[in-house]
Each structure stands twice: as structure tokens, then as C-alpha cells.
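# Overview (structure and organization)
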Amino acid sequence: MTICIGVLAAEAKAVVCVADKYVSYGQEIIGETDSVKIVPIGDNGCHAMIAGNDDSICRVLAKLSLQDSLGKDRNESIQLCETAYKEAEREILEMRFLRPFMTVADYEKALLKKRVNRVIRSIADEVQKNRNASDDPAFSCGLLLCGFDEGKMPYLLSLAPPGVCTDATLTGFSAIGSGSDFALKRLLDNEWSRKYAIDRALFEVFDAKVQAENDTNVGYKWDAIVLTTDKSVPLPENTKTMIDRAWIKLNRSPYEVFDPDEMVPLPPDDWMEQLKAFADGIIPPDTKS
């Protein structure tokens, strides 16, 4: 129940990451928090945007953080992601359905026999039912990994059930979470291009995040980080507020009269110049060509 979006920008010299801050515990316990959904992993500049339950995510992230080579090579990173997912899911399903009565090895051996007894078969059915469940499965984890490899080439890797890691680098954008369809449609409708400068990319991706709020499980609060080959730059709160107010101004009906007592203040007249100045501080204009 979230939205996380990653895109290539500035001629693929930057990766823009945006995520909401909504959390949920089941279908009814949901709300805005100061949670962090964009987290660094390891020492190679790799960042992960996360979706799922805490137990699953923490186990996968812990396994990936032990891999010194994560983010150095795209293909190897894909394999590391899929292995971490498989191992973490195996551990949680074992604790949920097998312990303390049998080990995973004994369970798998029993499943491979010509005749499987009804107890083992019922466990297998319950495991499969839980894996396919959309409501509160034992294991729920989605990751969007972003960064630059050792050749200074960007990557977008999407890890999603049933543990398949998809390379979205050639596409140039990706999204995970319950609101991802709305966000991806918006990016496609706007004919997203990795050529967009960082300032435009920030606004366009925020716009896609707003569209994702059509899913009631996507929150209003948000975070954003811009990654380059040598640094990660989080968006300051005042810059996020300025983008939000600019979006409201641009999407207000021309028949609606601005009321300062009821509506947020309008953005400064030079908000585009301010956003460009922020972007130029990340990648100076003379290095973009």
C-alpha cells in the first residue's frame, strides 16, 4: 500500500526517486507517518525504495546489505536480489507454517515422494494460498533498486513477487506499490523522456505520484532523492512544498478563485527558476552535455 517511483533524468546522468510516506497494518489500520521508504544499501551508492511488510523488507534488505558487490554490476545485482528474496521468503514461510514440527528440508523431501500424506499436502496448500493472498500475506516485499554501477551507468531494478527482478533501465522508469498503475499511466501519457532535466523530472514524477493518490492507500506526504554517480541529494522540505504548491496552482480550475484563508499559499512567481537552481546545484549546466 504505497507508491515508489524511479526514473532516469538529465540524459541518464541522474536518477530521481520519489516515494510516499503512508503505512498500513492490515486493511483498516493505515495513516501518514514520518517513515522512510528510500534507503541506502551498502557502500556502492545503491538505494532501495521499499513496499511490503516490515518483516519481509527487513530480511531482504539485511541480506542485500551483506553483499559488497551489490550495485557494481547490473546482472550480478539482479541475481543477488532474487537470491535474497528467495532466502527471506523461505525463512518466513518456514517459521509461519513448519516450525517447530519440521524443517524446510524435511518438508521438501516429503513433497517429492510419490505419495504425499494429507498433512503435508494441507501444509503445501496453505503455503500456496498464503503466497497468492493479496490481503496480509506472511511474506510481502517489493523493492526498486536505483543507482550507478562501477562503469558509472545508471540502473533501475524492480524486485517483485514471486521473487523476479526486472531490469527497467532501458525503459527509463519504473514504479512499485498499490498506486503504481496510476503513476505509470501518467508517465506514459506525458511521454516520459530520460532527457528531461532534473528540475522537470522532479515535477513530472511528483505529478505521477499525485495521480497514484487515486489509490486510497497512497499517502499525501512524500520524499524525494536525486542520485548521481558520486552523491545522493534529498529534496529539502521547502523545495517539496514549492513543487506541491506549483502543482496545485497549475491544476486549479480557472473558475476557482484563490482564497488564502482556505487554500495553501501560491508558489513564488520564480518557482521554476528556484527549482532549476536546485537542480543545477546537483549537476552544473556545463557538465550536462
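Overview of the structure.

The rules behind these values
- Residues numbered from 1 in each chain as written.
- Predicted model: local features only at pLDDT ≥ 70, side-chain atom pairs only at ≥ 80, totals over all residues.
- Heavy atoms only, no water.
- Axes fitted to C-alpha atoms, helices over the stretch in contact; angles between N-to-C directions.
- Helix = DSSP H or I, 4+ residues; strand = E, 2+ residues; numbered from the N terminus.
- Parallel < 35°, antiparallel > 145°, perpendicular 65-115°, else oblique.
- Left-handed = near helix turned anticlockwise from the far one by under 90°.
- Contact = heavy atoms within 4.5 Å.
- Phe/Tyr/Trp six-rings, centres within 6.5 Å; stacked < 30°, edge-to-face > 60°.
- Buried < 20%, exposed > 50% of the residue type's maximum accessible area, 1.4 Å probe, protein only.
- Lys NZ or Arg CZ within 6 Å of the ring centre and 35° of its normal.
- Polar contact = N/O pair within 3.5 Å; in protein donor to acceptor, adjacent residues only side chain to side chain.
- Core = buried A, V, L, I, M, F, W, Y, C linked by side-chain atoms within 4.5 Å.
- Pairing = 2+ DSSP bridges.

Another point: the packing of helix H1 (residues 54–65) against helix H2 (residues 74–97). Axis separation between H1 and H2 bottoms out at 9 Å; the angle between their running directions is 135°. Overall, the two elements H1 and H2 adopt an arrangement that is oblique. Helix-helix and strand crossings are classified by hand; for H1 and H2 the assignment is right-handed. Each of Asp55, Ser56, Arg59, Val60, Lys63 and Leu64 in H1 lies in contact with H2, whose residues at this interface are Leu80, Cys81, Ala84, Tyr85, Glu87, Ala88, Glu91, Ile92 and Met95.

Our focus in this paragraph is the packing of aromatic side chains. Counting across every chain of the model gives four aromatic pairs. When the centroid spacing of 5.6 Å and the interplanar angle of 35° are considered together, the rings of Phe203 and Trp271 count as tilted. In this pair, Phe203 sits in helix H6 (residues 198–212) while Trp271 sits in helix H8 (residues 271–282), placing the two residues 68 residues apart along the sequence. Taking the relative accessible area as the measure of exposure, Trp271 reaches 11% and is therefore buried. Across the ring face of Tyr196, the terminal group of Arg200 is positioned such that the distance to the ring centre comes to 3.7 Å. We note Lys240 situated over the ring of Trp222; from NZ or CZ to the ring centre the distance is 5.9 Å.

With respect to the element layout, His47 can be found in strand E6 (residues 46–52). Of the polar contacts made by the side chain of His47, one reaches the backbone oxygen of Gly45; its length is 3.2 Å. In contact with His47, other than residues within four places in its own chain, are Ile38, Val39, Pro40, Leu144, Leu145, Cys146, Ile225, Leu227 and Ser232.

Of all hydrophobic cores here, the largest spans 39 residues; its most connected members are Ile5, Val7, Val16, Trp192, Ile198, Leu202 and Ile243. The set of elements that each furnish at least two residues to this core consists of strand E1 (4–9), strand E2 (14–20), strand E10 (173–176), helix H5 (180–189), H6, strand E11 (222–227), helix H7 (237–250) and H8. Here the element with the most residues in this core is H6; it accounts for nine residues. Residues in contact with Ile198, not counting those within four places in the same chain, are Ala10, Ala14, Val226, Ala279, Ile282 and Ile283. Counting 37 residues, the second-largest nonpolar core is a separate cluster that includes Ile41, Ile50, Ala124 and Leu159.

As summarised here, the arrangement of the five strands in space is E5-E6-E7-E8-E9, forming an open sheet in which the pairing is antiparallel. Only two strands of the sheet have a single partner each, and these edge strands are strand E5 (38–41) and strand E9 (164–167). Strand after strand, the sheet turns through a mean of 25° between neighbouring axes, direction not considered. Bridge analysis of E5 against E6 gives four bridges, and the strand direction is antiparallel. If you follow Val39 over to E6, its bridge partner there is Ala48. Its contacts with the sheet put H2 on strand E7 (141–148), strand E8 (154–160) and E9, and the angle it makes with E8 is roughly 20°.

Moving on: the sheet that holds E10. Strand order in the open sheet formed by five strands is E10-E1-E2-E11-E12, and the pairing between neighbours is antiparallel. On the outer flanks of this sheet lie E10 and strand E12 (232–234), each paired with one strand and no other. Direction aside, the axes of adjacent strands within the sheet are offset by 15° on average. By the bridge criterion, six bridges tie E1 to E2 in an arrangement that is antiparallel. Looking at E2, one finds that Ile5 is bridged to Val18.

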